[in-house]
There are 2 protein chains.
Amino acid sequence: MGVLEKFPAARRAKRAVEAPARLPLNEILRGDCIETMRALPDRCVDMIFADPPYNLQLGGDLHRPDGSQVDAVDDDWDKFDSLAVYDRFTREWLHEARRILKDDGTIWVIGSYHNIFRVGTALQDEGFWILNDIVWRKANPMPNFKGTRFTNAHETLIWCSKAEKAKYTFNYRTMKALNDDIQMRSDWTLPICSGGERLKDDDGHKAHPTQKPESLLYRVMLACTEPGDLVLDPFFGTGTTGAVARRLGRRWIGIEREDKYIKVATQRIQATLPLDESAMMSIPEKKAAPRVAFGLLVESGLIPPGSTVTDSKRRWSAMVRADGVLAGPNGATGSIHGLGAQLQGAPSCNGWSFWHIETPTGLEPIDAVRQRHLAQLGE
Amino acid sequence: MGVLEKFPAARRAKRAVEAPARLPLNEILRGDCIETMRALPDRCVDMIFADPPYNLQLGGDLHRPDGSQVDAVDDDWDKFDSLAVYDRFTREWLHEARRILKDDGTIWVIGSYHNIFRVGTALQDEGFWILNDIVWRKANPMPNFKGTRFTNAHETLIWCSKAEKAKYTFNYRTMKALNDDIQMRSDWTLPICSGGERLKDDDGHKAHPTQKPESLLYRVMLACTEPGDLVLDPFFGTGTTGAVARRLGRRWIGIEREDKYIKVATQRIQATLPLDESAMMSIPEKKAAPRVAFGLLVESGLIPPGSTVTDSKRRWSAMVRADGVLAGPNGATGSIHGLGAQLQGAPSCNGWSFWHIETPTGLEPIDAVRQRHLAQLGE
DNA sequence: GTCTCCGCTGAATCAAACA
DNA sequence: GTGTTTGATTCAGCGGAGA
């Protein structure tokens, strides 16, 4: 388990090379999602976003567990039969999705209470590891006209890594920045897709019944992919995933069965302009900065040997030795981290923020010295 | 499907008589929930509220950034050997629950992403008919300390009738009144249980690791039961269900395995005073003011990435990045507030009034965009 | 008595690089 | 793989201490 955040350029470049040349990039593949995924190689996509059907009227692709064909318009088959059919369909496409997902990739699936519990169970059973369930709070849901239930005002997304210990990309800082510097929560309030964003067919009717808002895909992709990553959407519909991927400089593959949606999506994506790269940049993560050993600052004279460091409340102090080791009270010594932990009796400690040096304007964390040093290196 | 609302007094009276005299009313039954339910007769309760173990599968210790340790749920009752074992347990207790539920009764089950998909699947498989899934948005959830995921800020409740065509009670008007005369939605924002409501043991530690807030049960019971109805909670814990039932003039049965919880719950419920009947229909409730992050306007395309913002006198300008961060002159970046303060050399700055966008009619503060967005949300 | 500051806490599947 | 080292990481609400 681990988070890949702002990984080195080498890895990003590797990603671009990894994908076999024969992969159909930035294209809509026409066909059944399961069969079409079967034609794609193992471990070739960085993220999968899936908005599977949940009306159980899935057409001729569905078979009962015994193999017999299901007639979707035949309402004789009971609820349990239909649930079993839906489960089978879900497990099949998730199985293929898992095969073609890279080991450090993630999958997102969106649904409502009609199907999301089946999907979540199938995800866990296939070995995916749930990282979060996300609630999309619709700012403007359709009211419950009959007054028989609560207004169904949300949908649920499930976000999974490929396995419990798998690494995955999560752009924590970017999400925090997007939320006014407060951690992004698992509930997202976004308007439904309407107005000019809602695609219409030639008759002026909505082109697709469940077109998702671009803002939703925008947040998903900003959170869990890097520019250049490959995103697959096996239920492409009107191509919201493709449009947002193009806008954010991600590559994409769409799978869609119906020609009318392929037509609409193709036009839509062609009309979408990629963002300028400077506008796309995500927050540089601290983890990406080159490491600076404390000893380096001592060597450089930025923190001279023999100087004294204290914690912010001056409860403890220590002397900086020439080798970068701190000498604390009662003969205690250690690295900036080790001594800080030792004195506080804590399991661990970030010495960079714990220790401070005296300046004319007051105490300053030694991390500030490191940052100045880093800034100097960068020039 | 049908809703029993404002049913005639006759029906209410009938309910009171229906329950066999031998039913243990307003009592905590000590024992395993499945075995104990087996001893109850068919179709005897009007509602079931269940807060089963979540099967959290937590790993090692978790520390806050300040070094303190998170007091995690490590109780034996939350440990299951596998998902299969958990599923079997879930199906068994749901099967008994279904048997003792009246045909026009409803069941509520609460859970998190660890277990709720298993629960939802099992509910559907047992023949329950999902009416809504409800999201409890926690006003004050625990943050994600390591920055590895989205803050897990909600739990999910599933509300079911006994069958697709079953009648059930839903007090639509009560819910609407409770929500400032707007239909109650499927997402409820409520604080977690803390402060004086949180029960402590003799040592001053929390008596139960997962005590639910009374406000949650209050809303559930107001929505789906009538005074005099019988509510069963098979995982009674510290008795929130019993306390709220008593307060609202409902009858209750609790099932709990552990003596320490029974003891606490008994005291608690004895100390709970039933509401005056006239007071029973209203809840004072403060509505949280919606907070709109700048990034939300960027995501929504209201302020497109790449656009330029300036202060009112056009002394400074900055570019809006895709993540909602502003990129100013000389490589300076920051949030709308942070960069504004930085450029002015001020300790702080209200970015909403400081930054403006160009419009056909001149400069407009970005707060105006926010206000229009809020108006659209209708919140 | 009032206001401010500080500390504590909550159903959590919570690190990564290097030797 | 395993163990060690480095160092990254938090929000809202309540209540007690202190001004």
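Residues numbered from 1 in each chain as written. Chains lettered and ligands numbered in written order. Predicted model: local features only at pLDDT ≥ 70, side-chain atom pairs only at ≥ 80, totals over all residues. Heavy atoms only, no water.

Q: Teacher, can you tell me more about the interface of chain A and chain B here?
A: Quite often, the size of an interface is put as the accessible area lost when its parts meet. In this complex, chain A contributes 72 residues to the contact, which on the side of chain B involves 76 residues. Between chain A and chain B lies a buried interface of about 6,400 Å² when both sides are counted; carbon and sulfur atoms form 53% of it. Counting the surface chain A buries against chain B, the share from its top three residues, Phe117, Arg149 and Phe150 of chain A, is 14%. The interface formed by chain A and chain B holds 5 salt bridges in total. Linking chain A to chain B there are 38 residue pairs in polar contact (both at pLDDT 80 or more). Where the side of chain A that touches chain B is concerned, the elements lending two or more residues are α3 (79–100), α4 (116–125), β5 (129–138), β6 (154–161), α5 (172–178), β8 (187–190), α6 (214–224) and α9 (277–280) of chain A. Take the side of chain A that touches chain B: its biggest share by element is 9 residues, from β5 of chain A. Taken together, the residues of the side of chain A that touches chain B break down into 40 nonpolar, 20 polar and 12 charged. (Contact = heavy atoms within 4.5 Å. Buried area = accessible area lost by both parts, 1.4 Å probe. Salt bridge = Lys/Arg side-chain N within 4 Å of Asp/Glu carboxyl O. Polar contact = N/O pair within 3.5 Å; in protein donor to acceptor, adjacent residues only side chain to side chain. Helix = DSSP H or I, 4+ residues; strand = E, 2+ residues; numbered from the N terminus. Nonpolar A, V, L, I, M, F, W, Y, C, P; charged D, E, K, R; others polar.)

Q: Would you take a moment to explain the side chain of Arg149 of chain A for this structure?
A: With respect to the helices and strands, Arg149 of chain A occurs in the loop between β5 and β6. A distance of 3.0 Å separates a polar atom in the side chain of Arg149 of chain A from a polar atom in the side chain of Tyr113 of chain A. Within polar-contact distance, the side chain of Arg149 of chain A engages the backbone oxygen of Leu131 of chain B at 3.0 Å.

Q: How should the packing of aromatic side chains be read in this particular structure?
A: Two aromatic rings, taken as a pair, are described by how far apart their centres are and by the angle between their planes. All names here are of chain A. For the structure shown, the criterion picks out 35 aromatic pairs over all chains. Plain terms: the ring middles of Trp93 and Phe235 are 5.1 Å apart, the flat faces sit at 80° to each other, and that makes the pair edge-to-face. A residue pair is termed long-range when its members are at least 10 positions apart, and Trp93 in helix α3 and Phe235 in the loop between β9 (230–233) and α7 (240–247) qualify at 142 residues. You can call Trp93 buried: its relative accessible area is 0%. Given the relative accessible area of 15%, Phe235 is considered buried. Pairing Trp159 with Tyr168 gives two aromatic rings, centres 5.6 Å apart and planes at 90°, and the pair type is edge-to-face. Sitting above the plane of the Trp352 ring, Arg370 keeps its charged end 4.2 Å from the centroid. (Phe/Tyr/Trp six-rings, centres within 6.5 Å; stacked < 30°, edge-to-face > 60°. Buried < 20%, exposed > 50% of the residue type's maximum accessible area, 1.4 Å probe, protein only. Lys NZ or Arg CZ within 6 Å of the ring centre and 35° of its normal.)

Q: Sorry if this is basic, but what is going on with the domain arrangement of chain A here?
A: Parsing chain A into structural domains produces domain 1 (27–59 + 71–279) and domain 2 (294–377). Spacing between the C-alpha centres of domain 1 of chain A and domain 2 of chain A amounts to 48 Å. (Domains from an automatic or database assignment.)

Q: Mind showing me how you'd approach the pattern of salt bridges here?
A: Side chains that differ in charge, positive against negative, can pair when their charged atoms come close. Residue and element names in this part refer to chain A. All told, the structure shown has 43 salt bridges over all chains when counted by the stated rule. Across the salt bridge formed by Asp42 and Arg99, the nearest N and O atoms sit 2.7 Å from each other. A residue pair is termed long-range when its members are at least 10 positions apart, and Asp42 in the loop between α2 (33–38) and β3 (45–50) and Arg99 in helix α3 qualify at 57 residues. Residue class for Arg99 comes out partly exposed when judged on its relative accessible area of 25%.

Q: Just to check I follow, could you spell out the protein's contact with DNA strand D for this structure?
A: Neighbouring DNA strand D are 24 residues; Tyr172, Arg173, Lys176, Gln183 and His337 of chain A lie closest to it. Taken together, the sugar and phosphate atoms account for 62% of what DNA strand D places within 4 Å of the protein. At a separation of 3.4 Å, a base oxygen of DNA strand D approaches a polar backbone atom of Pro141 of chain B. The element best represented in the surface near DNA strand D is α5 of chain A, accounting for 3 residues. Looking at the surface near DNA strand D residue by residue, the class counts come to 10 nonpolar, 9 polar and 5 charged. (Near = heavy atom within 4 Å.)

Q: Mind showing me how you'd approach helix α8 (residues 259–270) of chain B here?
A: Since there are 3.6 residues in each turn of an α-helix, residues three or four apart along the chain are aligned in direction. All names here are of chain B. The terminal C-alpha atoms of α8 lie 17 Å apart, and with 12 residues this matches the ideal 16 Å at 1.5 Å per residue to within 8%. Every buried residue belonging to α8 is among Tyr261, Ile262, Val264, Ala265, Arg268 and Ile269, and all of these are buried. Here the buried face of α8 lies against β2 (27–30), α6 (214–224), α7 (240–247) and β10 (251–256). (Expected span 1.5 Å × (residues − 1).)

Q: So what exactly am I meant to see when it comes to the sheet that holds β9 of chain A here?
A: Through backbone hydrogen bonds, the strands of a sheet pair up, either in parallel or in antiparallel fashion. Residue and element names in this part refer to chain A. What the 8 strands build is an open sheet, ordered β2-β10-β9-β3-β4-β6-β5-β8; its pairing is mixed. At either end of the open sheet lies a strand with only one pairing partner, and these are β2 (27–30) and β8. Within this sheet the neighbouring strands show an average axis-to-axis angle of 20°, counted without direction. On the sheet, α4 packs against β4 (101–111), β5 and β6 and is oriented at approximately 165° with respect to β4. (Pairing = 2+ DSSP bridges. Axes fitted to C-alpha atoms, helices over the stretch in contact; angles between N-to-C directions.)

Q: Which parts of the structure should I look at to understand the pairing of strand β15 (residues 355–359) of chain B?
A: Remember that side chains alternate between the two faces of the sheet whenever the strand is regular. Residue and element names in this part refer to chain B. Within β15, 4 of the 5 residues are buried, which leaves it mostly tucked inside the rest of the structure. Looking at chain direction, strand β11 (residues 308–311) and β15 are connected through 3 bridges and run antiparallel. Each bridged residue has a counterpart across the sheet, and for Asp311 the counterpart in β15 is Trp355. Pairing geometry for β15 and strand β16 (residues 362–365), over 4 bridges, is antiparallel. Considered in β16, the bridge of Thr359 is made with Gly362. Taken together, β15 and the strand that follows it, β16, pair antiparallel across an intervening segment of 2 residues.

Q: Quick question: what am I supposed to make of the nonpolar core here?
A: Side chains of a nonpolar character, in soluble globular proteins, are inclined to be buried together. Counting residues in each nonpolar core, the largest one holds 69 residues, and the members touching the most others are Trp93 and Ile107 of chain A together with Trp93 and Ile107 of chain B. Not counting the four nearest positions on each side in its chain, Ile107 of chain A is found in contact with Ile48, Trp93, Leu94, Ala97, Leu101, Leu123, Phe128, Ile158, Trp159 and Cys160 of chain A. Leu217 of chain A together with Val309, Trp316 and Val320 of chain B belong to the second-largest nonpolar core, a separate cluster that totals 64 residues. (Core = buried A, V, L, I, M, F, W, Y, C linked by side-chain atoms within 4.5 Å.)

Q: I would appreciate a short explanation of the sheet that holds strand β6 (residues 154–161) of chain B in the present structure.
A: Residues and elements named next belong to chain B. Pairing is mixed across the open sheet formed by 8 strands, whose spatial order is β2-β10-β9-β3-β4-β6-β5-β8. Since the sheet does not close on itself, it has two edges, and those belong to β2 and β8 (187–190), each with one partner. Across the sheet, the mean angle separating the axes of adjacent strands is 20° when strand polarity is ignored. In terms of strand pairing, strand β4 (residues 101–111) meets β6 through 6 bridges, oriented antiparallel. Residue pairing for β6: Val109 is matched across the bridge by Ile158. Along the sheet, α7 makes contact with β3 (45–50), β9 (230–233) and β10, crossing β10 at roughly 170°. With respect to the sheet, α8 is in contact with β2 and β10, its orientation differing from that of β2 by roughly 175°.

Q: It is not clear to me how the packing of α7 of chain A against helix α8 (residues 259–270) of chain A should be interpreted in this structure. Could you clarify?
A: Packed helices, taken two at a time, are described by the angle their axes make and the gap between the axes. Residues and elements named next belong to chain A. In the contact formed by α7 and α8, the axes pass within 9 Å of each other and the chain directions differ by 15°. Classified by the interaxial angle, the pair formed by α7 and α8 is roughly parallel. Classified by chirality, the crossing of α8 by α7 is right-handed. Of the residues in α8, those in contact with Thr240, Gly242, Ala243 and Arg246 of α7 are Arg268, Ile269 and Gln270. (Parallel < 35°, antiparallel > 145°, perpendicular 65-115°, else oblique. Left-handed = near helix turned anticlockwise from the far one by under 90°.)

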